[in-house]
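What the coordinates show
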4 protein chains.
Amino acid sequence: MAETIIRIDLGSSPYDNDMIHNRWHPDIPMVATVKPGDDFIVECFDWTGGQIKNDDSAADVRDVDLSQVHFLSGPIGVEGAEPGDLLVVDFLDIGAFPQSQWGFNGFFSKNNGGGFLTEHFPEAQKSIWDFEGMFTKSRHVPGVRFPGLIHPGLIGCLPSRDMLQTWNTREKALFDTNPERVPALATLPYGPTAHMGRLKGDDAAAAGAEGARTVPPREHGGNCDIKDLSRGAKVFFPVYVPGAGLSVGDLHFSQGDGEITFCGAIEMAGWIHMKVELIKGGMAKFGIKNPIFKPSKIKPTYDDYLIFEGISVDEGGVQHYLDVHIAYRQACLNAIEYLTKFGFTRAQAYAVLGTAPVQGHISGVVDIPNACATLWLPTGIFEFDINPGSDGPKKFLDGLIDVPLAPDL
Amino acid sequence: MAETIIRIDLGSSPYDNDMIHNRWHPDIPMVATVKPGDDFIVECFDWTGGQIKNDDSAADVRDVDLSQVHFLSGPIGVEGAEPGDLLVVDFLDIGAFPQSQWGFNGFFSKNNGGGFLTEHFPEAQKSIWDFEGMFTKSRHVPGVRFPGLIHPGLIGCLPSRDMLQTWNTREKALFDTNPERVPALATLPYGPTAHMGRLKGDDAAAAGAEGARTVPPREHGGNCDIKDLSRGAKVFFPVYVPGAGLSVGDLHFSQGDGEITFCGAIEMAGWIHMKVELIKGGMAKFGIKNPIFKPSKIKPTYDDYLIFEGISVDEGGVQHYLDVHIAYRQACLNAIEYLTKFGFTRAQAYAVLGTAPVQGHISGVVDIPNACATLWLPTGIFEFDINPGSDGPKKFLDGLIDVPLAPDL
Amino acid sequence: MAETIIRIDLGSSPYDNDMIHNRWHPDIPMVATVKPGDDFIVECFDWTGGQIKNDDSAADVRDVDLSQVHFLSGPIGVEGAEPGDLLVVDFLDIGAFPQSQWGFNGFFSKNNGGGFLTEHFPEAQKSIWDFEGMFTKSRHVPGVRFPGLIHPGLIGCLPSRDMLQTWNTREKALFDTNPERVPALATLPYGPTAHMGRLKGDDAAAAGAEGARTVPPREHGGNCDIKDLSRGAKVFFPVYVPGAGLSVGDLHFSQGDGEITFCGAIEMAGWIHMKVELIKGGMAKFGIKNPIFKPSKIKPTYDDYLIFEGISVDEGGVQHYLDVHIAYRQACLNAIEYLTKFGFTRAQAYAVLGTAPVQGHISGVVDIPNACATLWLPTGIFEFDINPGSDGPKKFLDGLIDVPLAPDL
Amino acid sequence: MAETIIRIDLGSSPYDNDMIHNRWHPDIPMVATVKPGDDFIVECFDWTGGQIKNDDSAADVRDVDLSQVHFLSGPIGVEGAEPGDLLVVDFLDIGAFPQSQWGFNGFFSKNNGGGFLTEHFPEAQKSIWDFEGMFTKSRHVPGVRFPGLIHPGLIGCLPSRDMLQTWNTREKALFDTNPERVPALATLPYGPTAHMGRLKGDDAAAAGAEGARTVPPREHGGNCDIKDLSRGAKVFFPVYVPGAGLSVGDLHFSQGDGEITFCGAIEMAGWIHMKVELIKGGMAKFGIKNPIFKPSKIKPTYDDYLIFEGISVDEGGVQHYLDVHIAYRQACLNAIEYLTKFGFTRAQAYAVLGTAPVQGHISGVVDIPNACATLWLPTGIFEFDINPGSDGPKKFLDGLIDVPLAPDL
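Everything numeric in this text was worked out from a predicted model, so none of it was measured.

About the thresholds
Residues numbered from 1 in each chain as written. Chains lettered and ligands numbered in written order. Predicted model: local features only at pLDDT ≥ 70, side-chain atom pairs only at ≥ 80, totals over all residues. Heavy atoms only, no water. Helix = DSSP H or I, 4+ residues; strand = E, 2+ residues; numbered from the N terminus. Rg over C-alpha atoms; globule rule 2.2 N^0.38 Å. Buried < 20%, exposed > 50% of the residue type's maximum accessible area, 1.4 Å probe, protein only. Contact = heavy atoms within 4.5 Å. Areas by Shrake-Rupley, 256 points an atom, 1.4 Å probe, with all protein chains shown as cover. Lys, Arg positive; Asp, Glu negative; His and termini not counted. Charge placed at Lys NZ, Arg CZ, Asp CG, Glu CD. Phe/Tyr/Trp six-rings, centres within 6.5 Å; stacked < 30°, edge-to-face > 60°. Lys NZ or Arg CZ within 6 Å of the ring centre and 35° of its normal. Expected span 1.5 Å × (residues − 1). Least-squares fit on C-alpha atoms with pLDDT ≥ 70 in both. Buried area = accessible area lost by both parts, 1.4 Å probe. Salt bridge = Lys/Arg side-chain N within 4 Å of Asp/Glu carboxyl O. Polar contact = N/O pair within 3.5 Å; in protein donor to acceptor, adjacent residues only side chain to side chain. Domains from an automatic or database assignment. Nonpolar A, V, L, I, M, F, W, Y, C, P; charged D, E, K, R; others polar. Core = buried A, V, L, I, M, F, W, Y, C linked by side-chain atoms within 4.5 Å. Axes fitted to C-alpha atoms, helices over the stretch in contact; angles between N-to-C directions. Parallel < 35°, antiparallel > 145°, perpendicular 65-115°, else oblique. Left-handed = near helix turned anticlockwise from the far one by under 90°. Pairing = 2+ DSSP bridges.

**Quick word on the overall build of chain A**
- If you tally the helices and strands in chain A, you get 6 helices and 23 strands.
- Here the C-alpha radius of gyration of chain A, 21 Å, is about what a compact globule of 409 residues would show, namely 22 Å.
- Overall size of chain A, expressed as C-alpha extent along the three principal axes, is 65 × 50 × 45 Å.
- Residues classed as buried in chain A amount to 70% of the 409 residues present.
- Of the contacts formed within chain A by residues at least 6 apart in sequence, a portion of 80% connects residues at least 24 apart.
- Of the roughly 11,700 Å² of accessible surface on chain A, 51% is carried by carbon and sulfur atoms.
- A gap of 2 Å separates the mean positions of the 33 positive and 52 negative side-chain charges of chain A.

**Regarding unusual backbone geometry**
- The step from Ile368(A) to Pro369(A) runs through a cis peptide bond, and the omega angle for that step is 0 degrees.
- Topologically, Pro369(A) is positioned in the loop between strand E21 (359-364) and strand E22 (372-378).

**Some points on the packing of aromatic side chains**
- With the rule as written, the count across this model stands at 76 aromatic pairs over all chains.
- Consider the rings of Trp47(B) and Phe108(B), whose centres lie 6.0 Å apart with planes at 50 degrees: the pair is tilted. You can see Trp47(B) sitting in the loop between strand E4 (39-44) and helix H1 (59-62) and its partner Phe108(B) sitting in the loop between strand E7 (102-107) and strand E8 (124-132), a full 61 residues away along the chain.
- Each member of the aromatic cluster is reached from another via a ring pair, and the members are Phe286(A), Phe308(B), Tyr338(B) and Phe342(B).
- Stacked on the ring of Phe135(B), the Lys or Arg Arg145(B) has its end atom at 4.3 Å from the ring centre.

**What about helix H2 (residues 161-175) of chain B?**
- Look at H2(B): 21 Å from first C-alpha to last across 15 residues, which is about the 21 Å you get at 1.5 Å a residue.
- For H2(B), the complete set of buried residues consists of Met163(B), Leu164(B), Trp167(B), Asn168(B), Arg170(B), Glu171(B), Leu174(B) and Phe175(B).
- Check the buried side of H2(B) and you find it contacts strand E20 (305-311) of chain A together with helix H3 (201-210) and strand E12 (217-218) of chain B.

**Points about the relation of the copies chain A and chain D**
- Mapping chain A onto chain D leaves a residual RMSD of 0.0 Å; the transformation is a rotation of 180 degrees accompanied by 0.0 Å of translation along its axis. On the angle and the small slide along the axis, the relation comes out as a two-fold axis.
- An overlap of 100% is found between the interface residues of chain A and their copies at the interface of chain D, pointing to a shared contact surface.

**Side note on the interface of chain A and chain D**
- Taken together, the contact pairs 25 residues of chain A with 25 residues of chain D.
- Contact between chain A and chain D buries roughly 2,300 Å² in total, counting both sides, with carbon and sulfur atoms accounting for 63%.
- When the buried surface of chain A facing chain D is broken down by residue, Met134(A), Lys297(A) and Ile298(A) rank first, second and third, together holding 30% of it.
- Applying the counting rule to chain A against chain D returns 2 salt bridges.
- Ionic pairing is found between Glu132(A) and Lys275(D), a salt bridge with its closest N-O pair at 3.3 Å.
- At the junction of chain A and chain D, the tally comes to 6 residue pairs in polar contact (both at pLDDT 80 or more).
- Put simply, the parts of the chain that give the side of chain A that touches chain D at least two residues each are strand E6 (86-95), strand E9 (135-138), strand E10 (141-147), strand E17 (270-279) and strand E19 (298-300) of chain A.

**Section: the pattern of salt bridges**
- If you walk through the whole model with that rule in mind, you get 108 salt bridges over all chains.
- As a salt-bridge pair, Arg198(D) and Asp18(D) come within 3.3 Å of each other at their nearest N and O atoms. Residue Arg198(D) is located in the loop between helix H2 (161-175) and helix H3 (201-210), and its partner Asp18(D) is located in the loop between strand E1 (3-6) and strand E2 (20-21); the two are separated by 180 residues in the primary sequence.
- Salt bridges sharing common partners tie together Glu132(A), Lys137(A), Arg145(A) and Lys275(D).

**Considering the domain arrangement of chain A**
Residues and elements named next belong to chain A.
- In terms of domain boundaries, chain A breaks down into domain 1 (3-294) and domain 2 (305-406).
- Centre-to-centre separation of domain 1 and domain 2, based on C-alpha positions: 27 Å.
- Facing the 36 residues of domain 1 at the interface are 34 residues of domain 2.
- The interface formed by domain 1 and domain 2 includes 0 salt bridges.
- Counting the contacts that link domain 1 with domain 2 gives 16 residue pairs in polar contact (both at pLDDT 80 or more).
- Broken down by secondary-structure element, the contributors of at least two residues to the side of domain 1 that touches domain 2 are helix H1 (59-62), strand E7 (102-107), strand E8 (124-132), E10 and strand E16 (262-267).
- Ranked by the residues each element gives to the side of domain 1 that touches domain 2, the list is headed by E10, at 6 residues.
- When its residues are assigned to classes, the side of domain 1 that touches domain 2 shows 16 nonpolar, 12 polar and 8 charged.

**A word on the nonpolar core**
- Judged by nonpolar contacts, the single largest core of 240 residues is most densely connected at Leu87(A) and Leu87(B).
- Listed in part, the 238 residues of the second largest apolar core include Ile128(C), Ile155(C), Val324(C) and Ala347(C).

**A word on the interface of chain B and chain A**
- Each partner contributes residues to the interface: chain B has 90 residues there, and chain A has 90 residues.
- Taken together, both faces of the contact between chain B and chain A bury some 7,500 Å²; the carbon and sulfur share is 61%.
- Sorting the residues of chain B by area buried against chain A places Phe286(B), Glu309(B) and Ile362(B) first, and these three jointly supply 10% of that buried surface.
- Put simply, chain B and chain A have 4 salt bridges between them.
- Taking the shortest distance from any N to any O, the salt bridge between Asp303(B) and Lys297(A) comes out at 3.5 Å.

**Notes on the packing of helix H5 (residues 324-340) of chain B against helix H6 (residues 346-355) of chain B**
All names here are of chain B.
- Between H5 and H6, the least distance of the axes is 9 Å, while the angle of their chain directions is 125 degrees. Relative to H6, the element H5 is oriented oblique. In this structure, the crossing between H5 and H6 has a hand that is right-handed. For the pair formed by H5 and H6, the contact residues are Cys332, Leu333, Ala335, Ile336, Glu337, Leu339 and Thr340 on the first element and Arg346, Ala349, Tyr350 and Leu353 on the second.

**A short note on the side chain of Gln319(B)**
- Following the sequence through the fold, Gln319(B) ends up in the loop between strand E20 (305-311) and H5.
- Polar contacts involving the side chain of Gln319(B) include one to the side chain of Asn370(B), which spans 2.9 Å.
- Those residues in contact with Gln319(B) that sit more than four places away from it in its chain are Arg170(A), Glu171(A), Leu174(A), Ser312(B), Val313(B), Pro369(B) and Asn370(B).

**Some details on the pairing of E17(A)**
Residue and element names in this part refer to chain A.
- The buried fraction of E17 amounts to 8 of the 10 residues, a majority that puts the element mostly inside the structure.
- One ladder, built from 6 bridges, connects strand E4 (residues 39-44) with E17; its direction is antiparallel. Of the residues in E17, the one forming a bridge with Cys44 is Gly270.
- In the sheet, E6 pairs with E17 via 9 bridges, with the strands oriented antiparallel. Each bridged residue has a counterpart across the sheet, and for Asp93 the counterpart in E17 is His273.

**A short note on the side chain of Asn223(B)**
- Relative to the assigned elements, Asn223(B) resides in the loop between strand E13 (221-222) and strand E14 (234-238).
- For Asn223(B), the side chain forms a polar contact with the main-chain oxygen of Val215(B), separated by 2.6 Å.
- Discounting chain neighbours no more than four positions away, the residues touching Asn223(B) are Asp367(A), His70(B), Gly153(B), Leu154(B), Thr214(B), Val215(B), Pro216(B), Pro217(B) and Asp250(B).

**Structural notes on the environment of Asp85(B)**
Residue and element names in this part refer to chain B.
- Within the secondary structure, Asp85 is located in the loop between strand E5 (72-78) and strand E6 (86-95).
- Residue classification places Asp85 among the buried residues on the basis of a relative accessible area of 3%.
- Each C-alpha atom, one on Asp85 and one on Lys110, is 41 Å from the other, the two residues being 25 residues apart in sequence.
- Among residues more than four places away in sequence, those in contact with Asp85 are Gly80, Phe237, Pro238, Val239, Leu278, Ile279, Lys280, Gly281, Gly282 and Met283.
- A distance of 2.8 Å separates a polar side-chain atom of Asp85 from the backbone nitrogen of Gly281.

This is how it looks when you write it as structure tokens:
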């Protein structure tokens, strides 16, 4: 079995583990070194570092401290890696810990993070998903069961100093256009809760004060939340610092395109088994700015979908110009409305779209003024038939069970 | 063989055919009537009504009269259809005419329509795609060949008077925010080139002056340009007027998600074989606002993709807030840059993304401030290996052939 | 559109068309010549040359003259082809004629051909399948509807004189082990009904008397009845005579693995659009004895199957040694028994297995003494749910409709 | 995590573990009891009980004691199960032990077991396959790497006394037709090496003397070696004794259709996570004689294959009557010959066909006298391009590495 080069203890705080960090900064020291051709295992906290519990209250989702996230394992040094190389990472396998066979999905309060449909679901809610081998189901969302499309939500190499500066500058510029907005337009560096791994003392404080937050995806990959970066995939990451500095975390048992619930996918702690190679000078050779990847040959497959369309006219009837974000929101709302006809509550339907391997396609982006987005719902995840028939929908669920909600205080 | 209920003559103008129309209006008379359970064939002009020729000059693309489009076949009345019903349409088959085994793809001039990457490709270009049975290839884009994912870009039922009013109002409001913009923010009603089918005289003029343009997708479906509405699919359309009034046109031999080149997919004239059924009161029963559909069981399938990521930081390095449109543009630009390393010109690479069955996924839309979009390029459409390897890319094409360009006059 | 190089008239006898033949012999003259790189269309009779009608009586199936089959279109000469080459054939498209949108499936009488389950279905039966675009359904087999996996049952190049001699010798040897058997062990040359194309007079008589029958698949391909040689596939055929001499016929709209009903698939007249290339000396270079092929990228796809196992213990409980033929027969009988629980008659279930794209897998062939075969039934071809559930099967059909039977006279 | 109800120690003999047995007999006592709805984990020895080592000598394959196999874990009692029920088993997950990340494939000597191509590979050979997460590769077979299609080769419920009698009778009858044959026609009961689990003393001796050997698949399933019974599948097993008595073993990391190498797939020790349900009276309700199953939604998928045909003319040119076994053998030999052109040794090519997820289809079984079988080779398992091109094959391997062989003594 491959060596486990980063270990964690679910019973202790990630702040007590110096192989964990929660900001991006070139000064964070490598915690392990591997060679091209090596395969190895890395253990990961869930993205919140254990703030969310396996229970039936959403209070922890409401009260989460988002300045702490995401807790990443690494950085891992790769011998011979230099800026301009491509780091080729094979995701050989990913899993949950035997003693922790569950994950969570939630909607953040609009006052603390929000989400894609935060205007429709403004208060914190949480569902717990139990794993049965390769499958999952939730006591809060009856009627669905599906195999996992397990993937890391967040993975990438350390930025160089220049790249970090670019990130901070452009995000601050956006933030400053509306600094009072809730949720904020961007998450800026924040020293008090920074965890800089093995960087200590003044160095850690200085780096923590300018380290980029882990929330958005960026040129290095980062928090892409791409469900298809699943176990079995092969990813080509840009390298910016000597040794590459690969960090990973935010494991997901499953997720729909968009991770629309924000908190988020089916979030879990676990381990990832990876293998690394290098393509020297690969960024220039292949013209690479962002990571590219090849999908897994071993993943859940569906051939039957029910597909919902949305256009960029918002809920108030206002016309927007080729706005795919709004179009996808309409497609999601259309799917939620549809699912309620079969007995799901709106929150359950929202949770399904956030957790199951739904596809979100950018279907049309040139037919002014309407963008057209489609949401692909795999019918095979449901334990009953949700296809439209001439005799109308049947209510399979009685509505007695719902996703726990914690009102804002 | 099923009856052909609408016939066209490729050698004559669509304006001379009263079973064709190019605006949406409830007063356009039905040109044929079918019963639930019937299957029938409808012939269609290409969306421009024959303005674009099978030659090696892009002048026709540059000079196209976009106020004429799209030429639709219909409307077809369905016995018993009433507002609130769902019209279930099976696309039994779709094809080109034996004497017209070709299609076109183009980029409009920024001064006349533009497109998704119009800042990068501001002048008119055109590629011709020849069909070989179920396959296509282009003399202007060597190195690619793929089977067709044949579909109608535009299909839907007539709007009611109320719905038409809603469309015109909201689109005018958007247009008025920047009426001088090129390309325009919206295409407003325009009487002079309206073709109102069998509506004649003053009635035609009045309806033409307020008839909605066919450019955007809307609640009824319309110009969705969803590549997956392909032959073999089943679609559930909302009905707004007695008899439904189904119209169809803008046939595509193949297209990528987004139809990013705008002119557009591989555009063709041809025929569509459909079957219709009704779900009475289906809109309310299933909570339907936009069409829903089930994909075809018989379509080109690929399991090997190269996937490009893009985030919502624009070409100038400016940070945008969760803008999927910009993120997808970056993913497309990343793919174009990559393909040039294998010998494609930038225009050829753009044409590939517009015509081949590439997928565009909304991968992340909550990780502020960056949306993350992915472009899935099927490697099997290429006649050589475009995977990234440790020995760098090989230039398979010498650049002597390119997509014809017609400079702005 | 590609040129149609062989045309047929469905209203006249194939014996009157000198571009048709029904035996394999090197002396049959080429009826057309094409060049490598050409694509062209060939029209084909159904395999019986029109003996079976679109009606509700199986008398024609019972009385069929099997000495006439199969009527093939060709041979087509390919410029530059020489013995030892590989002829690469792309199946660009295949279809039925507009005026003949139907096919037939039948079971031969045990006294005239028989079939895989002839002991269980000893008398002639026939079902008619109507085409609706890419789909088919039968008035004799309610409850199923599926898209076509259209393919030629029979295609290959002319044998050399040596190869013909080999075929005749080895088949005669087998026949002679039990010459009285009904059905016969092999179909030997038979001059009286031979149709030798453009070979006339004494030459035709001599060749007809020794021409190999078209019934079995052989080294050149021939009557392989491989459902996956479908439109979109690419096949590499051995060449034995100068000019190759490609002939094709026995078009099928759909078929299950094994073509177990023998008469056979959904048999149809129609056309095939092909493209040819050569690999010079390819047989030796690649060590080719039988054709190899690559499957189509555009074919019906299913991901949900119900799979039946069979082992090589026959219906009488007798143990056979690793006999896959018997194992597959048991799997088929198990599937038939299962389907009767949902209301199908045994004949309807047999017809489904013969016509729908069921898969037959050789699952285990080493675990003495039992071979294990599996039959994969795609659940999506049924208009109701045939999965096993805890509440038992539901009879969806009332048995009033069955497959017409014509008793032996 | 689910409870592990059967544990093994890889360092000790399976004969020392009373939760293991190697014969089928109704008197073997249950070693654990579960309830419908339970999920649980069972650990399994490799089928030989550890006789084959991870080294570079095939002596252990040559000298294997086949009278000992297969070592099964169980039987497991299911509360409420009665004869005539269907036991529904979900394979939730399957894996190798962390400390045992490898498997073996071998060809038995013709004098000790043989195999599908034993005339061509008469001496013992062995390849070792290392696991890298979900993938495997072999130091003895360079150039291939593929994800696992992990499955139990052997699983089923205990036979009743009547069924056991049926098995023994029919297999003895076959054996007696040629008792001197090597390999034998059937494996008959053999007391000396029987391991009857918790049955002890005279009872064990009596049962061991009549217990059915585990080699062939039978009505209960048993040693089906169906690669598609993979993790994620759902199987419906007939129940013959009160409590069902489910036993399982012979885990495979991957296998091709037919398990043609006999020793066998990629054989491994490991664990299986299962869930059980009951369908009361299901055998009669659904007309079930052999198990039926639904395939996994999460398994390796390939869409590009190279397909080889074979017909029932044997290697000596002798014609056989519709013999699928011979036809599949020819298809396999054709594939082996082809692969040698790219540099594989014949033994390596044979090992690939035995281990990789190749498909074996029964393509035609009615076209007398030739059966036609096809072998589907997924091109994506190879690290280089094995497609036939006009420039002939390229030798990617130099032949310096081969599969170790141990000559008969």
